[in-house]
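Geometric and topological summary
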Amino acid sequence: MKRAGQFLIFFLCVAFSVAAVVNVMADNAEVERMAAAVACGEQGPSCRAQMTRLERTPFGQTFEMVTAKRTVDVVCRRAYVMAGDYACKLR
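These notes cover the structure that comes with them.

Cut-offs applied
Residues numbered from 1 in each chain as written. Predicted model: local features only at pLDDT ≥ 70, side-chain atom pairs only at ≥ 80, totals over all residues. Heavy atoms only, no water. Pairing = 2+ DSSP bridges. Helix = DSSP H or I, 4+ residues; strand = E, 2+ residues; numbered from the N terminus.

Observations regarding the pairing of strand 3 (residues 71-78)
Here strand 2 (residues 60-66) runs beside strand 3; their pairing, made up of 7 bridges, is antiparallel. By the bridge assignment for strand 3, Phe63 is matched with Val74. Where strand 2 folds back on strand 3, the antiparallel hairpin that results is connected by 4 residues. Bridge count for strand 3 against strand 4 (residues 86-90) is 5 bridges, and the pairing is antiparallel. Within strand 4, the position partnered with Cys76 by the bridge is Cys88.

It is worth stressing that arrangement in space is one thing and function is another; only the former is reported here.
This is how it looks when you write it as structure tokens:
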């Protein structure tokens, strides 16, 4: 029983590490598009948000976006700790 517990803890650590690496290193083009849409808000279809800063961690991504009218920080986080779909909102 002790051996099974040790294996379970090892497996959970490896799974956590792999999920963290994927969250930081994977392609984030879709998340950038969602962040740009949030940064533009109600400015209309002609709004072009430009990213000036990006911070990626295993738990989420933070963007600083500049539009013609404002500069905002947009935070995108997954639905669960390191899994699920991203959702973005203004900070």
